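Each chain, written out:
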Amino acid sequence: MSLGEPFNELTPDQWVPTAEQHQRDGFRLVQMTGTARADHFEILISYEQDYRCTHYRVQLPRDPLPELPSLSAIFPAAFTYENELKDLFGLSFPGLTVDYGGNFLRTKTKLPFSGEVTIKKESAKPAAKSKSAPES
Amino acid sequence: MSWSVGPISALVTRSALAKPATRLYPVERRTPYARTRGHIEFRIDDCNFCTICAHKCPTLAIQVHKQDKTWAIDHSRCILCGICVEDCREGCITLSPLPCPPMRAKEVLSFRQEHEAPTVKVAAPAIER
Amino acid sequence: MSNTTIVPFGPQHPVLPEPIHLDLELDDERVVRALPSIGYVHRGLELLAERYDFVEMANVAERICGICSFIHGQGYCQGIEQLMGVEIPPRAAYLRTVWAEISRIQSHVLWLGLAADALGYESLFQHSWRIREMMVDIIEETTGGRVIFGVCKVGGIRKDVDDETLRDVRRRIGEIRAAFDEIATIFRDDPTVRQRTVGVGLLSAADAHALGAVGPVLRASGVVHDTRRLGYAAYGELDWEPIVEQDGDCYARCLVRVREVDQSFDLITQCLDRMPAGEVEISVKGKRPKGEAMFRLEQPRGEVCYYISADGKKNLDRFRVRTPTFANIAPLIHMLKGCELADVPVIVLTIDPCVSCNER
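Every value quoted in this text rests on a predicted model; they were computed, and no experiment measured them.

A closer look at the overall build of chain C
Secondary structure assignment for chain C yields 13 helices and 8 strands. Expressed as lengths along the three principal axes of its C-alpha atoms, the size of chain C is roughly 70 × 45 × 35 Å. When the 360 residues of chain C are sorted by exposure, 57% land in the buried category.

Have a look at this one:
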């Protein structure tokens, strides 16, 4: 099943060659997603062929403005995901074929996920404290 | 290629002659299924105020005070997950299949052990956050 | 010099049930370009996974969407179970399959109704929803909820359904199938439906593959791909083949859904016939999920991906859902290019957009 499909680590310069390789082999782009970590951004990408997925993960440092070459010329499907990452995390994608210029995801604050990351603590119900009690 | 208006004409004619598939709601009501999650019912008599239900409630709809011996539920917050019903050791929380009657204002239903009848408290509008 | 007009379409629009916004660049009546924007109903449910206990989170996961609610709950629970290395009892797997298929029928029939409404076929819309109501009654009888099933939990099923109820469900499924067959013929043959859909919104197999289309959109373009083929829950033990149509137009997408409803009736009957006896849940007390993985399931709208990363704590490290609607936006933009303005609602509807899923 879905377990046993490992996440392979990539360096940012292997990003495009890996995509080209998968495109030649007839893979399909399944998804691309980002996570903000304390000191870097993590981008996950999955390709799929014959119901088998391969996943890759690339880490981008936060400090110089994060940049990743666009895959939208190789996989046309990538443009929505890249626009999403751009609007949420502030990543830039040189070579993006369809660029909505930050208007794809309408958010109240610009780049909502690019800020500081607070490391959560394991408490029983942190969400509970912010809510008002039913009877007060 | 068959282009036919037969099927829809047959269907429309039949439903014009048959009685409606809908119900005249407030007058005519369907009996609820035995399993329908309608609303949470509470009996104060057996409650020993262990506060398990309040702790387990994912939306904090239930508030229990051990000292005051009160038990309160906010029906507008309850998501009818049924966790309190499963976890109540005294069996005083039950799930009724009848849907909760509509609320005119945000109200919290609270129970006190001394008084049998439930007291309804209308919450002030500024209570949220 | 081109003389184009920009027409805003959505997020509130009489023919569009979902809050998606499209800026349509029109040359006369023809769409030159469509610019989508989303994000109107974001609720931050993914972040809640980092705050809630992973067992309680099953309740939240089910509330991602109101139409495919059960499949979201199933996907979440299945993912956590696999990360914990727990195998659920066969009866629970079969019951989950039955509910997943009931929810697929309910969703497809709802969509068929909406599609008929977008075509301006009001009576067909009413009839589709009449049949959906019978399905929703079964949902209410077996689970207790009409929209939120609330039966899936980490480790199996909350409440078993007795055999007598299941026999009754089997009988009623037969009746609903007969009622559905009547409207299925209308969707197949009626000139009103065909004139609005045949040849509209073409998507070739190569484009569908390259643009990452999923679900009925992909299958209507002649690509055989159904995530249920992975064999999760009980799907590995049932006899079925993915439904594929070749034409890639709105009519083909409609047909795929009509045929999938038929297939789902068949799958439910197979499940009910083979329903194993025994326990429906396994205790997961003291176990915590650890590790990370991507789980895929087939929703009514297509393949949904859950990325779950857990570090053995009470709450998850990261929970991310890639919904089928998001994957289908790229093909939608491609299909809208060059179509008539009047066909836009029909084309948008044929990807079966579910924006509440999409934005979580």
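Here we look at the pairing of strand E4 (residues 52–61) of chain A
All names here are of chain A. Here strand E1 (residues 7–10) pairs with E4 via 4 bridges, running parallel. Bridge pairing in E4 links Leu-10 to Val-58. In terms of strand pairing, strand E3 (residues 40–49) meets E4 through 10 bridges, oriented antiparallel. Residue Gln-49 lies in a different strand from E4, and its bridge partner there is Arg-52. From the end of E3 to the start of E4, which pair antiparallel, there are 2 residues, and Asp-50 there has a positive phi angle of about 45°.

Some thoughts on the domain arrangement of chain C
Residues and elements named next belong to chain C. When cut into domains, chain C gives domain 1 (1–42) and domain 2 (46–200 + 231–237 + 264–350). Look at where the C-alpha atoms of domain 1 and domain 2 centre, and you get two points 29 Å apart. At the interface, 12 residues of domain 1 touch 13 residues of domain 2. It is strand E3 (residues 30–37) that provides the largest number of residues to the side of domain 1 that touches domain 2, a total of 5 residues. Here the residues of the side of domain 1 that touches domain 2 are counted per class, giving 9 nonpolar, no polar and 3 charged.

Description of helix H1 (residues 6–17) of chain B
With 12 residues, H1(B) extends 17 Å between its outermost C-alpha atoms, agreeing within 8% with the 16 Å of an ideal straight helix rising 1.5 Å per residue. Counting buried positions along H1(B) gives 1 out of 12 residues, so the element sits mostly on the surface.

Focus on the sheet that holds E3(C)
All names here are of chain C. Across the sheet, 3 strands lie side by side as E1-E2-E3; this open sheet has antiparallel pairing. Edge positions in the open sheet fall to strand E1 (4–9) and E3, since each of these has one partner strand only. Across this sheet, the average inter-strand angle for adjacent strands is 20°, counted without regard to direction.

What about the confidence of the model for chain A?
For any part of a model where pLDDT is low, the fine detail of the predicted coordinates should not be relied upon. Mean pLDDT over chain A stands at 74; residues scoring 70 or higher make up 79%. Of the regions scoring below 50 in pLDDT, residues 122–136 of chain A engages in 25 contacts with residues more than four places distant in sequence or in other chains.

A short note on the UniProt feature "binding site: Ni(2+)" (unreviewed entry) in chain C
All names here are of chain C. The sites that UniProt annotates as "binding site: Ni(2+)" (unreviewed entry) are Cys-65, Cys-68 and Cys-354. A stretch of 290 residues holds the annotated residues, and the largest C-alpha distance among them is 9.3 Å, short enough that they meet in one place. Inspection of the secondary structure puts Cys-65 in the loop between helix H2 (57–62) and helix H3 (69–84). Beyond its immediate sequence surroundings of up to four residues, Cys-65 is in contact with His-72, Cys-354, Ser-356 and Cys-357. Relative to the assigned elements, Cys-354 resides in the loop between helix H12 (344–350) and helix H13 (355–359). The buried category is assigned to Cys-354, around which 26 C-beta atoms lie within 10 Å.

Conventions adopted
- Residues numbered from 1 in each chain as written.
- Chains lettered and ligands numbered in written order.
- Predicted model: local features only at pLDDT ≥ 70, side-chain atom pairs only at ≥ 80, totals over all residues.
- Helix = DSSP H or I, 4+ residues; strand = E, 2+ residues; numbered from the N terminus.
- Buried ≥ 20, exposed ≤ 12 C-beta atoms within 10 Å, placed from the backbone.
- Pairing = 2+ DSSP bridges.
- Domains from an automatic or database assignment.
- Contact = placed C-beta atoms within 7 Å.
- Nonpolar A, V, L, I, M, F, W, Y, C, P; charged D, E, K, R; others polar.
- Expected span 1.5 Å × (residues − 1).
- Axes fitted to C-alpha atoms, helices over the stretch in contact; angles between N-to-C directions.
- pLDDT = per-residue confidence, 0-100.
- UniProt positions renumbered as here; feature names shortened; annotations may be inferred.

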